[in-house]
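Coordinate analysis (summary)
The lines below spell out each chain.
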Amino acid sequence: MKKLIIINGPNLNLLGQREPNIYGSLSFTEFLEEIKGKYTDVEIDYFQSNIEGEIIDKLHEVGFNFDGIILNAAAYTHTSVGIGDAVKAIETPVVEVHISNTFNREEFRHQSFISPNAKGVILGFGLQSYELAIQSF
């Protein structure tokens, strides 16, 4: 059984409440239960933090013993050299995921410190972006 982890960054704990026109009305907890039921042949762990250092610590913790990491670093994608360096330092492949199409948003969101070291990038498909990432492993 493959072992994957979804790591979500800042403000993604507010999914279902935050800007539903961009992020939808489903909470991540509800979505996670759906995908766990759909992908029963995959062990899916989950971690969310609004704190950059906690995300880096989690990447270090799981980055050598999981089959894959699905990372939505949210706003840290565009600002955190540290998270980008953590992705580069670990062995577990990382798929960078975004719910929205970051290229349809503010210009500062067009830069990613994660993409250069990621296995791939999936963006703009809503919560389905996570499912596409699961399928990539």
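Small disclaimer: the values here were computed from a predicted structure and weren't measured. (Residues numbered from 1 in each chain as written. Predicted model: local features only at pLDDT ≥ 70, side-chain atom pairs only at ≥ 80, totals over all residues. Heavy atoms only, no water.)

1. Quick word on the pattern of salt bridges
Charged atoms that come close allow side chains of opposite charge to pair. Put simply, the test is: The salt bridge definition used is simple: a Lys or Arg side-chain nitrogen within 4 Å of an Asp or Glu carboxyl oxygen. A run of H or I in DSSP becomes a helix once it reaches four residues, and a run of E becomes a strand once it reaches two; helices and strands are each numbered from the N terminus. Buried residues are those whose accessible area, probed at 1.4 Å on protein chains only, stays under 20% of the maximum for their type, while exposed residues exceed 50% and partly exposed ones sit between those limits.
Evaluated as defined, the whole model comprises 2 salt bridges. Note that Glu131 and Lys38 form a salt bridge whose closest N and O atoms lie 2.8 Å from each other. With a gap of 93 residues between them, Glu131 in helix α5 (residues 128-136) and Lys38 in helix α2 (residues 28-38) connect regions that are remote in the sequence. Overall, Glu131 belongs to the buried group, its relative accessible area being 14%. When the shortest N-O distance is used, the salt bridge between Glu61 and Lys58 registers 3.3 Å. With Glu61 and Lys58 both in helix α3 (residues 52-62) and 3 residues apart, the pair spans about one turn of that helix.

2. Concerning the packing of aromatic side chains
Threshold: The rule is short: rings of Phe, Tyr and Trp, with Trp giving its six-membered ring, pair when the centres are within 6.5 Å, and they are stacked under 30 degrees, edge-to-face over 60, tilted in between. Charge-over-ring contacts are defined here by two conditions on Lys NZ or Arg CZ: a distance within 6 Å of the ring centre and an angle within 35 degrees of the ring normal.
Considering all chains together, one arrives at 4 aromatic pairs under this definition. Judged by centre distance (4.8 Å) and plane angle (25°), the ring pair of Phe28 and Tyr46 falls under stacked. With a gap of 18 residues between them, Phe28 in helix α2 and Tyr46 in strand β2 (residues 42-48) connect regions that are remote in the sequence. Given a relative accessible area of 31%, Tyr46 falls into the partly exposed group. When the ring of Phe31 is compared with that of Tyr130, the centres are 6.0 Å apart and the planes differ by 55°; the resulting orientation is tilted. Taken together, the positions of Phe31 in helix α2 and Tyr130 in helix α5 put the pair 99 residues apart, joining distant regions of the chain. Take Phe31: its relative accessible area is 4%, and that puts it in the buried class. One residue, Lys119, lies across the ring of Phe137, its end atom 4.3 Å from the ring centre.

3. Considerations on unusual backbone geometry
The phi torsion at Asn11 lies on the positive side, around 75°, for a residue other than glycine. Inspection of the secondary structure puts Asn11 in the loop between β1 (2-8) and α1 (20-23). Given a relative accessible area of 36%, Asn11 falls into the partly exposed group. In this model, Ala74 sits at a positive phi of 55°, which is unusual for a non-glycine residue. As for its placement among the helices and strands, Ala74 is situated in the loop between β3 (68-72) and α4 (81-89).

4. Observations concerning the packing of α2 against α5
Any two packed helices are characterised by how steeply their axes cross, that is the angle between the axes, and by the distance between the axes. This is how it is decided: Inter-axis angles, ranging from 0 to 180 degrees, are taken between N-to-C directions of lines fitted to C-alpha atoms, where helices are fitted over the stretch in contact. Two helices crossing with the near one rotated counterclockwise from the far one by less than a right angle form a left-handed crossing, whereas a clockwise rotation gives a right-handed crossing. Contacts are assigned to residue pairs with any non-hydrogen atoms lying within 4.5 Å of each other. Under the scheme applied here, ten amino acids are nonpolar (Ala, Val, Leu, Ile, Met, Phe, Trp, Tyr, Cys and Pro), four are charged (Asp, Glu, Lys and Arg), and all others, including Gly, are polar.
Packing of α2 against α5 leaves a shortest axis separation of 11 Å and a crossing angle of 35°. Both α2 and α5 take part in a crossing whose hand is right-handed. Along the contact surface, α2 presents Phe28, Phe31, Ile35 and Lys38, while α5 presents Tyr130, Glu131 and Ile134. Among the residues making up the contact of α2 with α5, the classes are represented as 5 nonpolar, no polar and 2 charged.

5. Some remarks on the UniProt feature "binding site: substrate" (unreviewed entry) in the chain
Selection criterion: UniProt positions are given in the numbering used here, feature names are shortened, and annotations may be inferred rather than shown by experiment.
The UniProt entry lists Asn72, His78, Asp85, Ile99, Ser100 and Arg109 under the feature "binding site: substrate" (unreviewed entry), expressed in the numbering used here. Tracing the backbone through its elements, the reader meets Asn72 in strand β3. Aside from chain neighbours lying at most four places away, what touches Asn72 is Ile7, Asn8, Gly9, Leu12, Val97, His98, Ile99 and Tyr130. Contact partners of Ser100, with chain neighbours within four places excluded, come to Ile22, Arg105, Leu123 and Gly124.

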